Amino acid sequence: MSPRQTTDTAPERDALITMVRDFAAKEITPVVEELDSTERFPEEIYARMGELGLMGITVPERDGGAGGHVADYIAVMEELSYGYASVADQCGLVELVGSLLAGYGTQEQKDRYLPGIISGRTRCAYALTEPGAGSDLGSLATRARRDGADWVLNGEKIYIHNAPVADVALVLAVTDPGRRKRGGMSMFLVDVDTPGVERGYREKKMGQKASPVGGFVFTDVRLPPTALLGAEGSGFGAVLSVLEKGRLGIGALANGISRAALDTASEHAVSRHQFGQPLSDFQSVAFQLADMAVDHQAARLLLEHAAGLLDTGRTAGPACSMAKLFASEASVRNTSRAVQILGGGGYIRGVPAERLYRDARITTIYEGTSEVQRLIISRDLVRRRG
Ligand SMILES: Cc1cc2nc3c(=O)[nH]c(=O)nc-3n(C[C@H](O)[C@H](O)[C@H](O)COP(=O)(O)OP(=O)(O)OC[C@H]3O[C@@H](n4cnc5c(N)ncnc54)[C@H](O)[C@@H]3O)c2cc1C
């Protein structure tokens with residue numbers, strides 16, 4: 001089955017999963033330790049993902065995407081992340097930027113950017129976070145002012161995935177300070193080679209080392225009217241339109257790490273002998289493996305449930321928050337358990353458990369922290385009682 005077909009049925013989705021699992025095993029797993037140690041941007045893997053139709057999975061076929069469901073997207077994210085979370089991260093980024101271009105772009109903007117982004121040749125970034133605005137996007141300070149027909153952009157973005165390598169960035173800026181989140185923010189397509197755009201430093205991160213992260217500084221960047229994505233003032237709405245899908249994507253990425261942790265821990269527990277028996281014969285180790293399997297499966301069910309709500313157009317916000325919260329925290333738990341089961345070896349560079357532990361940690365922070373997810377879930381509960 002081609003992954004470019006819509007996968008309405010379980011057998012079609014199973015075929016998609018088999019294809020991605022095979023790709024991850026043959027083309028990601030063999031280079032993962034090299035990518036973790038060199039922090040190289042693996043262009044060749046992204047070009048292959050473009051060829052296989054693994055970029056822009058829910059982007060409509062008429063816009064060059066795979067035209068799939070959110071359920072397809074999360075299945076692909078888990079499989080890619082089982083191979084390496086940084087690779088899944090790139091798929092998630094293209095999914096968000098591609099969806100925003102498909103949903104809000106003019107035909108000219110789509111023609112200009114989408115083919116390159118979905119084929120994995122054009123490197124994109126999605127720039128919301130600022131020094132003074134993380135969880136609280138309402139305090140954004142990056143400002144775009146009109147100057148004749150043009151816009152002039154000033155401000156700073158930090159912790160932006162792909163900033164060190166991006167060709168184009170989707171940048172959220174304040175265009176009406178009086179309205180801010182209520183129609184005062186707009187999204188701009190900024191070619192990174194435009195005069196006045198400066199890439200900041202590349203951050204040294206704890207994990208997901210092959211995903212370059214850094215900042216942008218915008219100083220009097222003159223943008224043509226065609227740089228505005230969607231209507232003036234639609235920027236915050238655009239962010240919200242992809243938020244839930246983005247959270248499920250990161251939940252699924254976390255769950256891929258979780259499954260990798262379970263597999264490496266199980267393998268070690270049955271092969272390593274101490275006191276004359278395999279580690280897995282010690283009940284304390286076996287029960288940890290059981291808890292890891294339950295965490296992984298529970299996360300998958302929460303993710304699939306939320307994806308089903310999104311795919312059928314139902315209210316999905318709290319369900320997506322529950323899935324992202326649980327899957328990311330389960331991934332942190334499972335990678336920590338894997339390190340423990342591996343013993344001293346789990347603390348050594350080059351051993352998968354050590355990398356997985358570092359790769360998992362960011363998943364409770366980006367795409368909305370665990371605390372933000374708990375706020376959304378609890379506010380929904382209170383609203384229903386009120
Ligand atoms: C590797 C990496 C990649 C990233 N990629 C991108 C990207 O591509 N694009 C992008 O725009 N951003 C990106 N980010 C930024 C990321 O989305 C933010 O770090 C995240 O939203 C949290 O914001 P913050 O770091 O400013 O933390 P803060 O918002 O300052 O939060 C700090 C702590 O306070 C808690 N907190 C904040 N508000 C509340 C509240 N109301 N109630 C309870 N607790 C609260 C938080 O949960 C957290 O524990 C990335 C970050 C990293 C590290």
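Residues numbered from 1 in each chain as written. Predicted model: local features only at pLDDT ≥ 70, side-chain atom pairs only at ≥ 80, totals over all residues. Heavy atoms only, no water.

Identification of the protein as Acyl-CoA dehydrogenase from Streptomyces antioxidans is taken from an unreviewed UniProt entry. Recorded in UniProt under Sequence similarities (unreviewed entry), the annotation for the protein is "Belongs to the acyl-CoA dehydrogenase family." (UniProt positions renumbered as here; feature names shortened; annotations may be inferred.)

Asks: Tell me what's going on with the UniProt feature "domain: Acyl-CoA oxidase/dehydrogenase middle" (unreviewed entry) in the protein, and back it up with residues and numbers.
Replies: Per the UniProt record, "domain: Acyl-CoA oxidase/dehydrogenase middle" (unreviewed entry) is found at residues 125-221. Annotated as residues 125-221, this span is 0% helix and 51% strand, and its ends, taken at the C-alpha atoms, are 17 Å apart. (Helix = DSSP H or I, 4+ residues; strand = E, 2+ residues; numbered from the N terminus.)

Asks: So what about the UniProt feature "domain: Acyl-CoA dehydrogenase/oxidase N-terminal" (unreviewed entry) in the protein? Which residues, and what values?
Replies: According to UniProt, the "domain: Acyl-CoA dehydrogenase/oxidase N-terminal" (unreviewed entry) feature falls on residues 11-120. What you have in residues 11-120 is 74% helix and 0% strand, and the ends, taken at the C-alpha atoms, are 27 Å apart.

Asks: Explain the environment of Thr364 residue by residue, including any values.
Replies: You can see Thr364 is positioned in the loop between α10 (352-361) and α11 (370-385). With a relative accessible area of 9%, Thr364 lands in the buried category. Along the backbone, Thr364 and His268 are 96 residues apart, and their C-alpha atoms lie at a distance of 27 Å. (Buried < 20%, exposed > 50% of the residue type's maximum accessible area, 1.4 Å probe, protein only.)

Asks: Got a sec to walk through the site of the ligand? Specific residues and values, please.
Replies: Around the ligand, the structure places 17 residues, and the nearest of them are Tyr126, Thr129, Ser135, Thr369 and Glu371. At a separation of 2.7 Å, a nitrogen atom of the ligand approaches a polar side-chain atom of Thr129. In this structure, an oxygen atom belonging to the ligand sits 3.0 Å away from a main-chain N or O atom of His161. Burial of the ligand by the protein amounts to 61% of the accessible area it has alone, namely 970 Å². When each cavity is represented as a set of grid points, the ligand is found to reside in the largest pocket. Counting residues per element, the ones that place at least two in the shell around the ligand are β1 (124-127), β3 (150-161) and α11. For the shell around the ligand, a count of residues per class yields ten nonpolar, five polar and two charged. Taken together, domain 2 (125-233) and domain 3 (237-385) each give at least three residues to the shell around the ligand, which thus spans both. (Near = heavy atom within 4 Å. Polar contact = N/O pair within 3.5 Å; in protein donor to acceptor, adjacent residues only side chain to side chain. Areas by Shrake-Rupley, 256 points an atom, 1.4 Å probe, with all protein chains shown as cover. 1 Å grid on protein atoms, 1.4 Å probe; cavity = no way out; pocket = protein on both sides within 12 Å on 5 of 7 lines; lining within 4 Å. Sits in = over half its atoms within 2 Å of the grid points. Nonpolar A, V, L, I, M, F, W, Y, C, P; charged D, E, K, R; others polar. Domains from an automatic or database assignment.)

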